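Structural overview for review
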Amino acid sequence: MEKIVILTGAGISAESGLGTFRDEGGLWSRHPIEDVATPEGFARDPALVQGFYNARRVQAARAQPNAAHRALARLQRNWPGEVVIVTQNVDSLHEAGGAQGVIHMHGTLAGALCAACGHRWPAPDEMAVGEPCPACTRPTARPDVVWFGEMPYHMDEIYDHLAGASIFAAIGTSGQVYPAAAFVHEAIAAGARTVELNLEPSAGVSSFDETVFGPATQVVPAWVDGLLGQR
Ligand code: APR
């Protein structure tokens, strides 16, 4: 049975009230990436970085999944083959919408990581500078998110899924950050049909067999209905 691999980005959570990064007024227009999303920025000013992620963690915890998140969970429940969701997002809205086995390649706001011993645990709402690691007790807790210059998580698993994909969809991503922006090429190499569902053309739009433009809460449920109806 056909395997579906889906890559999502900030656009799928936009209608849940979580800002995107590169849209007008997006997160990166208010916070320079090098200050809040790099290891160097964290070393330079840990209070600024912990504060940035504390605010995003509280906001994400308050957000509700939208019809697009729920539609992908419905696809997972009703599609006879495997449906794998790989997300660049650090919110937990796919899970809140009922999705299973979501692969967070950029980590999660809900997770804490010890920079010294690698221990992971559920992040407190407000992570303090010098928060001690519960395992090694050193003051080296950080958000378990992937910063620029760091390796995204679960890449081997993701490439395995792409190698077996019959359908690849990119939803709500601008296609400007690698390695995620190259996943469509892996899917094409695997012989998959590819579709982009986005508010506007992404940087990689020309690579896709099909593109559907519109807000995710409209185009994603319609796309899922189409897939499930065609069976
Ligand atoms: N419905 C569908 N798409 C939308 C919506 C919406 N309601 N609102 C915005 N979009 C689209 C935008 O057109 C844009 O193409 O979502 C995309 C968001 O792009 P970015 O802000 O660049 O977010 P993303 O692609 O997820 O960024 C990738 O970059 O900054 C890093 O680690 C961060 O995971 C992030 C990565």
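Residues numbered from 1 in each chain as written. Predicted model: local features only at pLDDT ≥ 70, side-chain atom pairs only at ≥ 80, totals over all residues. Heavy atoms only, no water.

- In the annotation of an unreviewed UniProt entry, the chain is listed under the name NAD-dependent protein deacylase and assigned to Ruegeria marisrubri.
- For the chain, the Subcellular location (unreviewed entry) comment in UniProt is given as "Cytoplasm".
- In UniProt, the chain has this text filed under Function (unreviewed entry): "NAD-dependent lysine deacetylase and desuccinylase that specifically removes acetyl and succinyl groups on target proteins. Modulates the activities of several proteins which are inactive in their acylated form." (UniProt positions renumbered as here; feature names shortened; annotations may be inferred.)

1. A few points about the sheet that holds strand E1 (residues 4–8)
- The strand order E3-E2-E1-E7-E8-E9 describes an open sheet built from 6 strands, whose pairing is parallel. One side of each edge strand has no neighbouring strand; the edge strands of this open sheet are strand E3 (103–104) and strand E9 (210–213).
- Relative to strand E8 (residues 193–198), strand E7 (residues 167–171) is paired through 5 bridges, and the arrangement is parallel. Across the sheet, the residue bridging to Phe168 is Thr194, located in E8. (Pairing = 2+ DSSP bridges. Helix = DSSP H or I, 4+ residues; strand = E, 2+ residues; numbered from the N terminus.)

2. Concerning the sheet that holds strand E6 (residues 141–145)
- Taken in spatial order, the 3 strands of this open sheet run E5-E4-E6, and their pairing is antiparallel. With one partner strand each, in any of the chains shown, strand E5 (120–122) and E6 form the two edges of the open sheet. With direction set aside, neighbouring strand axes in the sheet form an average angle of 45 degrees.
- As judged from the 4 bridges shared by strand E4 (residues 107–114) and E6, these two strands associate in the antiparallel manner. Within the sheet, the bridge partner assigned to Ala112 lies in E6 and is Pro143.
- Helix-sheet contacts for helix H4 (residues 46–62) involve E4 and E6, and the interaxial angle to E6 is about 55 degrees. (Axes fitted to C-alpha atoms, helices over the stretch in contact; angles between N-to-C directions. Contact = heavy atoms within 4.5 Å.)

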